[in-house]
Amino acid sequence: MNIHLPRADVTERTLAIVGELKRLEGPLIPILHEIQDEFGYVPEESLPVIAQELNLSRAEVYGVVTFYHDFREHPAGRHVLKLCRAEACQSMGGDRLAERAKALLGIDFHETTPDGAVTLEPVYCLGLCSCSPSAMLDGELHARLDEAVLDALVAEARQ
Amino acid sequence: MTVRIFIPRDAAALALGAESVVEAISGEIAARALDATIVRNGSRGMHWLEPLVEIETADGRVAYGPVKAGDVASLFDAGLTSGGAHPLCLGKTEEIPFLKRQTRLTFARCGVIDPLSLDDYRAHGGLRGLERAVVMQPAAIVAEVTESGLRGRGGAGFPTGIKWKTVLETPGARKYIVCNADEGDSGTFADRMIMEGDPFVLIEGMAIAGIATGATKGYIYTRSEYPHAIAVMSAAVEIARAAGVLGTSVLGSAHAFDMEVRTGAGAYVCGEETSLLNSLEGKRGLVRAKPPLPAHKGLFDRPTVINNVISLASVPVILDKGAGYYRDFGMGRSRGTIPLQIAGNVRHGGLFETAFGLTLGEIVDEIGGGTASGRPVKAVQVGGPLGAYFPRALFDTPFDYEAFAARDGLIGHAGIVVFDDTADMLKQARFAMEFCAIESCGKCTPCRIGSIRGVEVADAIAAGIEPEKNRVLLADLCNTMKFGSLCALGGFTPYPVMSAMTHFPEDFSPVPMVEAAE
């Protein structure tokens, strides 16, 4: 489950994270990962802090955050269900399962259910192509999905 | 003697319930007070049999699979710990035809050893290549790799030794070895399996590359979609550092080499080497124009070797057994072995390492066993989302860089995705364009705009709007993308599109919709 700190101390935590990782060569991506781990997304308030500490412009930092699919600008639902949409999963009926997941949750990809329970996201390859279709629910992998397994995953996520 | 029970920690096994099998087996060991221990190995690559449980017997390892938690009690009743008979018993692991038919050089230890035991690694021939490299002249190491005929396994097939030679000969106060572990192609999982199943072989290969070129720092750039690989790889780096395999004195020599594992952030284009370098530097993953080559000006503008995981992981065996040993496998200019990744709608999916030269038909029909659905094979996409779709008519194509290129295809990272006759090739062509549109870094116009126009044209064909004219337009657009794009993303997206249109024209001539009568 995605449970994260309240965002009151964004600046303070950002400073601490940047301080810890600044010594790395090319530290920006590791910093953004750490920030997203901490808050569940990359809060806008953290960007000027990162920019200042790394001697970058805010635009540069914002450009990086928005370039990569992983970084969220808003918090996700309590659970994140990622369905693989790539070719190997397509060959085993992945598209049908994706439609089913959308219908069960009543949302499209990149959306969160109104109760904040589940965010549905596409992923392009989990490297489980020999046992497709596959999915990831809150970091846990599931392969050889069928309707029953998908329904169970969705039910688990909705709780 | 304590019986060793092997249960993979590979992501595929985990995704198929390996954790609950471990729990059940631990429970039975305790309940029955048996003298047995569980080893978490990598995967043998027979993914249709995962989770594959193996028992070490005096006679060799015996395999059971696919095992579900519910099968565990009956397995113990049947005498699992002594390799007893059971409906799930597959006999000796090494005798399973899928495994027996392989030539495992790069994946020799994968699935066999405990991936995080350096002792296990050494006991199975690990570190011999590096031990040899530390006492060799850099130029001699480079010559050995060149001599082996090893070509880049990421897809481009550039001779690894030539790349290393360029970096060796480029002066620089600091040089880098960057391992491209951003395995984003659908249908591929070889990099993931090596990182999860035999991470030390990659560390050893990178250390050899460092010594050969004068680089002292390495980065493994992998994907956030691979959390298990990241965990195993990071732990292995720590272990290697503590054991003196990495650090200021590699294996007690005067050579220094250390490395870090870095995680990407969900951008497919970062598998392109120059985009990857930008990402490592903390920038947007925009593709760089070449020249300058990364070998001259790579990471932080320093001379940089950037190689795929499998290229680097193949180096230790070359140094250990000699260039000739490796070169003697294969055909034509494709030397050595290639880990085929058989995926999609296929009965026996998994990793099959073999010398180059098997035909596509042998791979799909004999080794893969045809489709999982039991329906006829319609198309096979080789080389990931940028690879061509081959029909049965091209099943005589041998697995070789040049042979695939001669038929307007590519072997890429050797991912093979099988589709049965329910596949709609116009839809697959549209997806190729859509994927390019989603993942384009945006730097060059043919890729950024071309892919979006490509989706629209494919939709027009599907809707029956001037299909003939739109097919010509799609071919023209592909031509522009192929020759006008900066990197392989835009440049190779035409492969799946054009191959689908060329080999499956019937799917591009949908029955026109009947106009509603007034």
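Residues numbered from 1 in each chain as written. Chains lettered and ligands numbered in written order. Predicted model: local features only at pLDDT ≥ 70, side-chain atom pairs only at ≥ 80, totals over all residues.

Participant: When you look at the overall build of chain A in this model, what are you seeing that I'm missing?
Facilitator: Looking only at helices and strands, chain A features seven helices and five strands. Listed N to C, the secondary structure of chain A is α-α-α-α-β-α-α-β-β-β-β-α in terms of helices and strands. Viewed in the frame of its principal axes, chain A has a C-alpha envelope of about 50 × 30 × 25 Å. The 159 residues of chain A split such that 45% are buried. Residue pairs at least 24 apart in sequence account for 61% of intrachain contacts in chain A once pairs closer than 6 positions are excluded. (Helix = DSSP H or I, 4+ residues; strand = E, 2+ residues; numbered from the N terminus. Buried ≥ 20, exposed ≤ 12 C-beta atoms within 10 Å, placed from the backbone. Contact = placed C-beta atoms within 7 Å.)

Participant: Looking at this model, I keep getting lost on the packing of helix 20 (residues 450-462) of chain B against helix 21 (residues 467-484) of chain B. Mind explaining?
Facilitator: A pair of packed helices is captured by two measures, namely the crossing angle of their axes and the spacing between those axes. Residues and elements named next belong to chain B. Two numbers describe how helix 20 lies on helix 21: the axes approach to 9 Å, and their chain directions differ by 160°. Regarding the angle of helix 20 to helix 21, the classification is roughly antiparallel. The chirality of how helix 20 crosses helix 21 is left-handed. In this structure, helix 20 uses Gly450, Arg453, Gly454, Val457, Ala458, Ala460 and Ile461 to contact helix 21, whose residues at the interface are Pro467, Asn470, Arg471, Leu473, Leu474, Leu477, Thr480 and Met481. (Axes fitted to C-alpha atoms, helices over the stretch in contact; angles between N-to-C directions. Parallel < 35°, antiparallel > 145°, perpendicular 65-115°, else oblique. Left-handed = near helix turned anticlockwise from the far one by under 90°.)

Participant: For this particular structure, what's the right way to read the UniProt feature "binding site: [2Fe-2S] cluster" (unreviewed entry) in chain A?
Facilitator: In this structure's numbering, the residues bearing the UniProt feature "binding site: [2Fe-2S] cluster" (unreviewed entry) are Cys84(A), Cys89(A), Cys125(A) and Cys129(A). These annotated residues cover 46 residues of sequence, and their C-alpha atoms all fall within 9.5 Å of one another, placing them together at a single site. Along the chain, Cys89(A) turns up in helix 5 (residues 87-90). Using a count of 31 C-beta atoms within 10 Å as the deciding quantity, one classes Cys89(A) as buried. Ignoring sequence-local partners within four residues, the contact set of Cys89(A) consists of Cys84(A), Gly94(A), Ser132(A), Pro133(A) and Ser134(A). Structurally, the position occupied by Cys125(A) is in the loop between strand 3 (118-123) and strand 4 (135-137). If we skip the residues at most four places from it in the chain, Cys125(A) touches Cys84(A), Ala86(A), Gly184(B), Asp185(B), Ser186(B) and Glu225(B). (UniProt positions renumbered as here; feature names shortened; annotations may be inferred.)

Participant: Explanation requested: helix 16 (residues 360-367) of chain B in the structure shown.
Facilitator: Quick reminder: α-helices carry 3.6 residues per turn. Residues three or four places apart thus point the same way. All names here are of chain B. Listed as buried for helix 16 are Leu360, Ile363, Val364 and Ile367. Burial along helix 16 is one-sided: seen end-on, the buried residues are contained in an arc of 120°. Gly369 occupies a position one or two residues after helix 16 and carries a positive phi of about 75°. (Arc of directions from axis to C-beta.)

Participant: What am I meant to see in the environment of Asp400(B) here?
Facilitator: Residues and elements named next belong to chain B. By secondary structure assignment, the location of Asp400 is in the loop between strand 15 (389-391) and helix 17 (401-406). Residue Asp400 is classed as buried on the basis of its 21 C-beta neighbours within 10 Å. Contact partners of Asp400, with chain neighbours within four places excluded, come to Met331, Gly332, Ser334, Phe356 and Gly357.

Participant: Help me out: how do you make sense of the interface of chain B and chain A in this one?
Facilitator: By a widely used convention, the size of an interface equals the accessible area lost when the partners come together. Taken together, the contact pairs 48 residues of chain B with 35 residues of chain A. If you list the elements that add at least two residues to the side of chain B that touches chain A, you get helix 1 (11-15), strand 8 (258-263), helix 12 (273-280), strand 12 (337-344) and strand 16 (415-420) of chain B. In terms of residue class, the side of chain B that touches chain A is built from 22 nonpolar, 18 polar and eight charged. (Nonpolar A, V, L, I, M, F, W, Y, C, P; charged D, E, K, R; others polar.)

Participant: I keep staring at the environment of Pro138(B) and nothing clicks. Help me out?
Facilitator: With respect to the helices and strands, Pro138(B) occurs in helix 7 (residues 138-148). Apart from residues lying up to four places away in sequence, Pro138(B) is in contact with Leu168(B), Ile211(B), Ala212(B), Thr213(B) and Gly214(B).

Participant: Please clarify how the sheet that holds strand 2 (residues 111-112) of chain A should be interpreted in this entry.
Facilitator: Hydrogen bonding along the main chain pairs the strands of a sheet, whether they run parallel or antiparallel. Residues and elements named next belong to chain A. On the basis of which strands lie adjacent, the open sheet formed by five strands has the order 2-3-1-4-5 and mixed pairing. Both outer strands of the open sheet, strand 2 and strand 5 (140-142), are each paired with one neighbouring strand and no more. Judged from the six bridges that link them, strand 1 (residues 79-84) and strand 3 form a sheet pairing that is parallel. Note on strand 3: the bridge partner recorded for Leu83 is Pro122. Each of strand 1 and strand 3 is contacted by helix 6 (residues 94-105), which is oriented at about 155° to strand 1, the strand it contacts most. Contacting strand 1, strand 3, strand 4 and strand 5, helix 7 (residues 147-158) runs over the sheet at an angle of about 20° to strand 4. (Pairing = 2+ DSSP bridges.)

Participant: Where do I start with the nonpolar core in this structure?
Facilitator: Considering soluble globular proteins, one finds that nonpolar side chains tend to be buried as a cluster. Counting residues in each nonpolar core, the largest one holds 218 residues, and the members touching the most others are Val178(B) and Cys179(B). Residues contacting Cys179(B), with those up to four places away along its chain left out, are Leu202(B), Met206(B), Gly218(B), Tyr219(B), Ile220(B), Tyr221(B), Asn307(B), Val309(B) and Leu312(B). (Core = buried A, V, L, I, M, F, W, Y, C linked by C-beta atoms within 7 Å.)

Participant: Explain the sheet that holds strand 13 (residues 350-355) of chain B to me, please; I cannot follow it from the model alone.
Facilitator: Residue and element names in this part refer to chain B. With respect to topology, five strands assemble into an open sheet ordered 13-12-16-14-15, the strand pairing being mixed. Of all the strands in the sheet, just strand 13 and strand 15 have a single pairing partner and so form its edges. In this sheet, neighbouring strand axes are inclined to one another by 30° on average, regardless of whether the strands run parallel or antiparallel. In this structure, strand 14 (residues 377-382) lies alongside strand 16, joined through five bridges in antiparallel fashion.

Participant: For this particular structure, what's the right way to read the pairing of strand 14 of chain B?
Facilitator: Across a regular strand the side chains alternate sides, sitting on one face of the sheet and then on the other. Residue and element names in this part refer to chain B. Most of strand 14 is tucked away: six of the six residues are buried. For strand 14 and strand 15, the ladder comprises three bridges, and the chain directions are antiparallel. Following the sheet pairing, Gln381 is matched in strand 15 by Tyr389. Two successive antiparallel strands, strand 14 and strand 15, enclose a turn made up of six residues, where Gly383 displays a positive phi of approximately 100°.

Participant: Is there a simple way to explain the domain arrangement of chain B in this structure?
Facilitator: Residues and elements named next belong to chain B. Assigned domains of chain B: these are domain 1 (3-100), domain 2 (118-326), domain 3 (329-420) and domain 4 (425-508). Residue-level contacts link seven residues of domain 1 with six residues of domain 2. Its residues assigned to classes, the side of domain 1 that touches domain 2 comprises two nonpolar, three polar and two charged. (Domains from an automatic or database assignment.)

Participant: Just to check I follow, could you spell out the packing of helix 7 of chain B against helix 8 (residues 160-169) of chain B for this structure?
Facilitator: All names here are of chain B. One way to put it is that helix 7 packs onto helix 8 with a least axis distance of 7 Å and a crossing angle of 160°. As far as their axial angle goes, helix 8 and helix 7 are roughly antiparallel. Note that helix 7 runs across helix 8; the crossing there is left-handed. Contacts between helix 7 and helix 8 involve Pro138, Ala139, Val142, Val145 and Thr146 from the former and Thr160, Gly161, Ile162, Trp164, Lys165 and Leu168 from the latter. Classifying every residue of the contact of helix 7 with helix 8 gives seven nonpolar, three polar and one charged.

Participant: Help me understand unusual backbone geometry in this model?
Facilitator: Excluding glycine, residues mostly have negative phi values, and the peptide bonds linking residues are mostly trans. The omega torsion across Lys290(B) and Pro291(B) is -5°, close enough to zero to call that bond cis. Positionally, Pro291(B) belongs in the loop between helix 12 and strand 9 (304-308). One non-glycine residue with positive phi stands out, namely Asn55(A), at about 60°. Its place among the elements puts Asn55(A) in the loop between helix 3 (46-54) and helix 4 (58-67). The backbone of Asp408(B) sits at a positive phi, close to 55°, despite the residue not being glycine. Here Asp408(B) shows up in the loop between helix 17 and strand 16. On the neighbour-count criterion, Asp408(B) (15 C-beta atoms within 10 Å) is partly exposed.

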